[in-house]
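# Geometric and topological summary
What follows is the residue order along each chain.
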Amino acid sequence: MIASTCRPLAVAALVALASATPALAQKAPAQSPQPAAPAPSGETAAQQVARLNAEGEAAFQRRDYDAAVRAFDAALAIYIRVAGVNDARTAMAAVNLGEALLGAGRYADAEEVFASAETILTNLGYGADTLAPIQRARAMARQRQAGGPAAAGPARTGSAPSAGGGAADPLDALNEQAVARYRAGDLAQAETGFLDLLSRLEDAGRGAEEFAGVAWVNLGEVYTQQSRLEEAINAIERARAIFTALDPAHRYIAVVENNLSAVRRRQGDSAQAVDGYQSAYQAMSRSFGETHPNTLSALGNYANALIDLGRGREAQGPLEAAIAAAGDAPGGDLAMLRSHLGEIYLELGAWEQAVEQQRLAVSGLEQDAQTSRGDLAQVRRRLGRALTLAGRPVEAEAVLLEAVSEAEQVFGAGAAETIMAQTLLATTLFDQARFDEAEALQRSALAAAEALPGEGDNLMASAIESNLAGTLRFQGRYDDAEALYRSSLAAAERGGNAGSIATSLENLAGIVRIQGRLGEAAQLQVRAISLYEDVYGPDHPETIRAYGTAGTTLGLAGEHAEAERLLRLGLEGLERRLPDRHVMVLVARSNLAWLYLRHAGRPADALDLYREATGSIVQASLDDSALDDAAGAAVVRRRADIFTLHVEAAWAVAEGGQP
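A brief look at the structure comes next. The shown structure was predicted, so the numbers you read here are calculated from the model rather than taken from an experiment.

Turning our attention to the overall build of the chain. Helix and strand counts for the chain stand at 28 helices and 0 strands. Relative to its 659 residues, the chain shows a buried fraction of 54%.

Following this line, the structure appears as structure tokens:
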């Protein structure tokens with residue numbers, strides 16, 4: 001599977017192995033000097049096997065072969081007890097043990113275990129394709145025991161015959177059904193389907209084939225979408241073991257790395273995810289080709305992880321080039337690339353371009369019969385966010401209502417994707433001054449986020465907490481808001497993301513300022529600006545906005561020279577990016593004019609700014625349709641009353657009167 005919005009790979013693509021089934025890795029003998037850890041009370045046999053296999057594979061990967069031997073030996077004992085000796089699953093468990101014994105240098109024990117596995121599968125009617133890798137492993141054990149040159153490792157296998165000996169592959173249909181369920185958003189049925197497929201592959205002695213590796217990857221993606229991240233890691237690592245055993249340079253190993261990076265990103269480690277995605281993308285470009293769906297998906301994932309770190313600009317060129325190369329070709333892969341590019345445009349402050357790309361992405365996914373409903377829910381949420389940041393809350397609300405409904409159907413009511421959509425929907429309600437509705441939705445989302453596991457989800461809860469505090473602030477509930485802002489800042493500082501810390505500092509400064517503690521507020525905002533400049537640079541929308549808010553606070557606190565510098569930086573940045581009559585531009589002009597009028601003794605400069613603001617307001621009020629949003633027009637009209645008073649004061653000063 002590929003990516004943060006991965007799609008199950010078809011047979012020649014990728015999925016994962018059954019939790020009670022060992023992947024070809026390594027195993028251990030009963031005479032091991034240290035027994036495996038006892039099973040936790042109440043643990044079923046299947047759960048014990050899954051735990052032991054995971055422990056054995058982890059130990060094998062770090063080359064702790066003795067520990068791998070102990071774990072795989074204990075798993076084999078359970079298979080013998082539950083399934084019996086003459087069972088294909090028991091044989092494959094013996095193969096795992098044999099591989100671990102080879103790693104531990106216990107060649108005689110390994111040869112004996114491989115011989116037992118070969119005998120079991122021969123008695124069950126499995127043919128040469130299934131037996132060949134085990135026979136080669138036996139030869140390797142014999143040669144190493146005799147001190148001769150090492151034999152070649154287990155060869156990459158082809159499609160093994162079914163248990164009945166026929167050459168057909170009836171399990172293809174099971175795989176297609178599971179993939180179809182995933183695309184339809186039925187994750188529970190997809191999980192059941194992939195597990196059934198893997199169990200049957202094991203029963204047929206085909207648990208070490210490429211087909212099984214693909215199934216493990218897809219199962220891992222299902223677990224990732226369900227926020228069952230430890231299970232996802234286990235499934236994906238099983239796939240890695242299979243592909244590595246088939247061929248150390250197997251091209252699907254890049255897919256494994258891609259999907260593990262998706263899990264790391266969900267755990268909040270975007271820096272590590274960036275490295276993994278970049279490596280996977282480069283490897284897929286070489287092995288699959290630049291335009292293969294897997295490669296395009298990996299590129300999109302790489303871009304998303306860069307956006308998390310405020311480095312989306314690095315992926316802008318590759319994304320635009322990939323979209324241009326694809327032309328007008330329909331399909332979900334191109335749509336997802338457009339969506340990733342739209343996210344980068346948001347980071348760059350190009351809000352209308354972001355809206356356009358997200359609309360094209362939604363349309364492309366809706367027209368693609370193979371689209372995953374999860375992908376569609378995610379991209380619709382992104383469109384809602386772009387509309388919100390573009391100042392179009394009414395349109396955003398309609399889009400996000402759909403996104404929430406889709407996410408609830410696909411991921412579940414308490415899933416991370418659903419919570420993110422709900423949080424954005426609450427923002428649109430807040431922007432329309434529907435504070436009670438916004439608060440109720442934010443509290444519901446916060447409770448759901450706090451119930452999710454993992455550091456990344458704790459950061460999500462912190463962000464929602466900050467949004468809720470903003471709603472309380474606008475309702476005049478300052479003490480409650482300040483407590484939430486301080487809690488959110490502490491969580492952001494623990495997480496270590498500079499952008500999140502800066503946002504939390506600004507939010508806290510706002511509530512402190514309202515309560516008259518101007519010096520404290522100014523210090524918080526200056527610290528936030530420093531972080532924004534380090535992370536985003538001086539021309540980023542977040543930095544520009546921070547200049548304006550800090551400048552106003554410094555002006556109130558009496559630091560007029562620095563206030564003017566920051567207010568001017570903020571205004572100039574907004575004028576470069578936004579239409580002349582945009583509310584944010586009007587407010588920035590008014591704030592700078594206020595400083596000139598009240599504290600700098602520059603009434604003529606103040607008057608010029610007020611005239612510019614008033615002219616823009618008048619034009620906007622005469623042409624509401626140009627704003628494409630009735631709520632936005634209403635905001636402008638309300639602002640007009642404030643600016644009218646400001647303009648009258650400026651005229652009075654200009655005429656020599658008292659303001």
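What follows covers the side chain of Glu 397. Within the secondary structure, Glu 397 sits in helix α17 (residues 393-410). Of the residues examined, Glu 397 reaches a relative accessible area of 15% and is grouped as buried. At a separation of 3.1 Å, a polar atom in the side chain of Glu 397 contacts the side chain of Gln 432. In contact with Glu 397, not counting residues within four places along its chain, are Leu 425, Thr 428, Leu 429, Gln 432 and Arg 434.

Quick look at the nonpolar core now. In terms of nonpolar packing, the biggest core is built from 139 residues, with Phe 243 and Ile 419 touching the most fellow members. Here the element with the most residues in this core is helix α8 (residues 210-225); it accounts for 9 residues. The next biggest cluster of nonpolar side chains, apart from the first, holds 35 residues, and it includes Phe 72, Ala 74, Leu 97 and Leu 121.

Now for the environment of Ala 440. Within the secondary structure, Ala 440 sits in helix α19 (residues 435-450). It is 9.2 Å that separates the C-alpha atoms of Ala 440 and Leu 468, two residues lying 28 residues apart in sequence.

One can describe the packing of helix α6 (residues 171-183) onto α8 by two numbers: an axis separation of 12 Å at closest approach and a directional angle of 20°. By the angle class used here, α6 and α8 are roughly parallel. For the element pair α6 and α8, the recorded crossing hand is left-handed. Residue-level inspection shows Leu 171, Asp 172, Asn 175, Val 179 and Tyr 182 of α6 in contact with α8, the latter providing Phe 211, Asn 218, Glu 221, Val 222 and Gln 225. The class makeup of the residues in the contact of α6 with α8 is 5 nonpolar, 3 polar and 2 charged.

A few words on the environment of His 560. Along the chain, His 560 falls in helix α25 (residues 560-577). His 560 has contacts with Gly 555, Leu 595 and His 599, leaving out every residue within four places of it along the chain. One polar contact links the side chain of His 560 to the main-chain carbonyl oxygen of Gly 555, over a distance of 3.5 Å.

What follows covers helix α7 (residues 187-203). Relative to the 24 Å expected for 17 residues at 1.5 Å per residue, α7 spans 24 Å between its end C-alpha atoms, a close match to the ideal helical length. Along α7, the residues classified as buried are Leu 187, Ala 190, Glu 191, Gly 193, Phe 194, Leu 197, Leu 198, Leu 201 and Glu 202. Elements that come into contact with the buried residues of α7 comprise α3 (88-103), α6, α8 and α17. Two residues or fewer after α7 comes Gly 205, characterised by a positive phi angle close to 75°.

Between the first and last C-alpha of α3 there are 23 Å, a value that for 16 residues agrees with the 22 Å anticipated at 1.5 Å per step. Judged by how many residues are buried, α3 sits mostly within the fold: 14 of 16 residues are covered. Where α3 terminates, the next one or two residues include Gly 105, which has phi positive at roughly 80°.

Enumeration over the complete set of coordinates arrives at 4 aromatic pairs. Aromatic side chains Phe 243 and Tyr 252 sit 5.5 Å apart centroid to centroid with 65° between the ring planes, which places their arrangement in the edge-to-face category. Here Phe 243 and Tyr 252 have matching classes, each one buried. Here the aromatic rings of Phe 430 and Phe 474 are separated by 5.0 Å at their centres, their planes lie at 85°, and the arrangement is edge-to-face. Taken together, the residues span a long stretch of sequence, with Phe 430 in helix α18 (residues 416-431) and Phe 474 in helix α20 (residues 455-474) at a distance of 44 residues. Here the aromatic residues Phe 430, Phe 435 and Phe 474 are joined through ring pairs into a cluster of three or more.

What counts, and where the lines are drawn
- Residues numbered from 1 in each chain as written.
- Predicted model: local features only at pLDDT ≥ 70, side-chain atom pairs only at ≥ 80, totals over all residues.
- Heavy atoms only, no water.
- Helix = DSSP H or I, 4+ residues; strand = E, 2+ residues; numbered from the N terminus.
- Buried < 20%, exposed > 50% of the residue type's maximum accessible area, 1.4 Å probe, protein only.
- Polar contact = N/O pair within 3.5 Å; in protein donor to acceptor, adjacent residues only side chain to side chain.
- Contact = heavy atoms within 4.5 Å.
- Core = buried A, V, L, I, M, F, W, Y, C linked by side-chain atoms within 4.5 Å.
- Axes fitted to C-alpha atoms, helices over the stretch in contact; angles between N-to-C directions.
- Parallel < 35°, antiparallel > 145°, perpendicular 65-115°, else oblique.
- Left-handed = near helix turned anticlockwise from the far one by under 90°.
- Nonpolar A, V, L, I, M, F, W, Y, C, P; charged D, E, K, R; others polar.
- Expected span 1.5 Å × (residues − 1).
- Phe/Tyr/Trp six-rings, centres within 6.5 Å; stacked < 30°, edge-to-face > 60°.

Structural measurements only, silent on function.
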